[in-house]
Amino acid sequence: MTRPDPTWLDAQYNNRARVADAAQILERWARASALAREKSDARLDLPYGDGDKETLDVFPAARENAPVLVFIHGGYWRALDKSDASFVAPSFVQAGAMVVVPNYALCPAVSVDHIALQMARSLAWVYRNARRHGGDPSRIVVAGHSAGGQLAAMMLSCQWQQVGADLPARLVRGALSISGVFDLEPLRHTPFLKHDLKLTPASVRRLSPVGFPPPEGPLYATVGAEESEEFLRQNELIRSAWGARTVPVCEAIPHTNHMNVLHDLADPQGRLHLLGLQLLGLPSVQANQ
């Protein structure tokens, strides 16, 4: 098989270069996230482990026994921070969920394998501590954007009783991937990423959900309709690999690119927000009208 041209790979996967106003969108996320933390009773920087960046932010539920949404930020495993993603929380808390936003260490200081294990530890913490913050540990849903979409799929596939004997076999009840990367092989050859990610053929196999057996599911796979051909292909790829039973939703969100697609998740009227509510078992705003 002919390896794709490196210049083409960069054009396909470098979303900050593809999206003209990417810097302004990131600034908007930071401002909105700071406001979300200021206006809530969030519990910030709670440790879920002893390692670098092993902290999380909890946006408690307004009532007891609420479903729990864990949102994993993107940034190609090498950029951004949980503090950039707080803006996702308020609309879901208002809808009746508890929201958790975990942090993780970044490449190249650590490997993608290390990050995946950190996310497993963070989910174990959520299961063990949800009730303290109004959450129901039997109703945990994971959502993630970009690299976070890959990590969300990893969490859906995790063998939880290898993480902790006290954990249930199916800790994650469902996952929402937004612009996820499910086959990491192209990233191993993408010039702007490969030196930081340091992927090998073996790590690609360990970290590419397309090669995993289909989990219990469900996974909702979504992508911006205006994203690159590769991101659109990656979204279809997980449906092909896991099947429609495990991936009942495989959608491109109209009029969105890799960056502003996340606004649709935070918007109570957005399609992604509605899909998140479905996974959480919460009624939509439209249903309440």
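Residues numbered from 1 in each chain as written. Predicted model: local features only at pLDDT ≥ 70, side-chain atom pairs only at ≥ 80, totals over all residues. Heavy atoms only, no water.

## Notes on the pairing of strand S5 (residues 135-145)
For a regular strand, the rule is simple: side chains alternate between the two faces of the sheet. With respect to burial, S5 is a largely interior element, nine of its 11 residues being buried. Bridge count for strand S3 (residues 66-72) against S5 is six bridges, and the pairing is parallel. When the sheet's bridge partners are listed, Val 68 is paired in S5 with Ile 140. Here S5 runs beside strand S6 (residues 172-178); their pairing, made up of six bridges, is parallel. Bridging from a neighbouring strand, Val 141 pairs with Gly 174 of S6. (Buried < 20%, exposed > 50% of the residue type's maximum accessible area, 1.4 Å probe, protein only. Helix = DSSP H or I, 4+ residues; strand = E, 2+ residues; numbered from the N terminus. Pairing = 2+ DSSP bridges.)

## Digging into the pattern of salt bridges
For the structure shown, the criterion picks out 11 salt bridges. In this structure, Glu 185 engages Arg 188 in a salt bridge whose closest nitrogen and oxygen atoms are separated by 2.9 Å. One end of the pair is Glu 185 and the other is Arg 188, both in helix H8 (residues 185-188) and three residues apart, which spans about a single turn. Here Glu 185 falls in the partly exposed class, since its relative accessible area comes to 26%. With its nearest N and O atoms 2.5 Å apart, the salt bridge here joins Glu 251 to Arg 271. Here Glu 251, found in strand S8 (residues 249-253), pairs with Arg 271, found in helix H13 (residues 271-280); they are 20 residues apart in sequence, far enough to count as distant. A relative accessible area of 23% means that Glu 251 is categorised as partly exposed. Exposure remark for Arg 271: the relative accessible area of 31% places this residue in the partly exposed category. Put simply, Asp 45, Asp 57 and Lys 82 are held in one network by salt bridges that share partners. (Salt bridge = Lys/Arg side-chain N within 4 Å of Asp/Glu carboxyl O.)

## Here's the deal with the sheet that holds strand S2 (residues 55-59)
In spatial order, the strands read S1-S2-S4-S3-S5-S6-S7-S8; together these eight strands make up an open sheet with mixed pairing. Two strands bound the open sheet, and with one partner strand each, they are strand S1 (43-47) and S8. In this sheet, adjacent strand axes meet at a mean angle of 20° when their direction is disregarded. Its contacts with the sheet put helix H6 (residues 147-157) on S3, S5, S6 and strand S7 (219-224), and the angle it makes with S5 is roughly 145°. (Axes fitted to C-alpha atoms, helices over the stretch in contact; angles between N-to-C directions. Contact = heavy atoms within 4.5 Å.)

## Topic: helix H11 (residues 229-246)
Largest kink in H11: about 70°, centred on Ser 240. Among all positions in H11, only Glu 230, Phe 231, Gln 234, Asn 235, Ile 238, Trp 242 and Thr 246 are buried. Packing partners of the buried residues in H11 comprise helix H1 (6-13), helix H2 (15-18), H6, H8, S7 and S8. (Bend = angle between axes of the 7 residues up to and from the residue.)

## Focus: the packing of aromatic side chains
To describe a pair of aromatic rings, you give the distance between the ring centres and the angle between the ring planes. This structure, assessed with the given rule, holds four aromatic pairs. Joined through ring pairs, the aromatic side chains of Tyr 76, Trp 77 and Phe 192 make up one cluster. (Phe/Tyr/Trp six-rings, centres within 6.5 Å; stacked < 30°, edge-to-face > 60°.)

## So, the side chain of Glu 227
Its location among the elements puts Glu 227 in the loop between S7 and H11. Of the side chains bearing the opposite charge, Arg 18 lies closest to the buried Glu 227, which forms no salt bridge; the N-O distance is 7.1 Å. Sequence-distant contacts of Glu 227, that is, excluding residues within four places in its chain, are made with Asn 15, Arg 18, Ser 179, Leu 232, Thr 256, Asn 257, His 258 and Val 261. (Lys, Arg positive; Asp, Glu negative; His and termini not counted.)

## Focus on the packing of helix H5 (residues 112-129) against H6
Direction vectors running N to C along H5 and H6 enclose 60°, while the axes themselves pass 10 Å from each other. Between H5 and H6, the angle falls in the class oblique. Crossing handedness for the pair H5 and H6: right-handed. Two secondary-structure elements touch here, H5 through Ile 115, Ala 116, Met 119, Ala 120 and Leu 123 and H6 through Leu 151, Met 154 and Met 155. Its residues placed into classes, the contact of H5 with H6 shows eight nonpolar, no polar and no charged. (Parallel < 35°, antiparallel > 145°, perpendicular 65-115°, else oblique. Left-handed = near helix turned anticlockwise from the far one by under 90°. Nonpolar A, V, L, I, M, F, W, Y, C, P; charged D, E, K, R; others polar.)

## Quick look at the nonpolar core
Of all hydrophobic cores here, the largest spans 61 residues; its most connected members are Trp 77, Leu 123, Met 155, Trp 160 and Leu 187. The greatest single-element share of this core, amounting to nine residues, is contributed by H5. Excluding its chain neighbours within four sequence positions, the residues that come into contact with Met 155 are Ala 116, Met 119, Ala 120, Leu 123, Val 142, Trp 160 and Val 172. Counting residues in hydrophobic clusters, the runner-up holds 36 residues, among them Val 88, Ala 97, Val 101 and Ala 143. (Core = buried A, V, L, I, M, F, W, Y, C linked by side-chain atoms within 4.5 Å.)

Worth remembering: the numbers are spatial, not functional.
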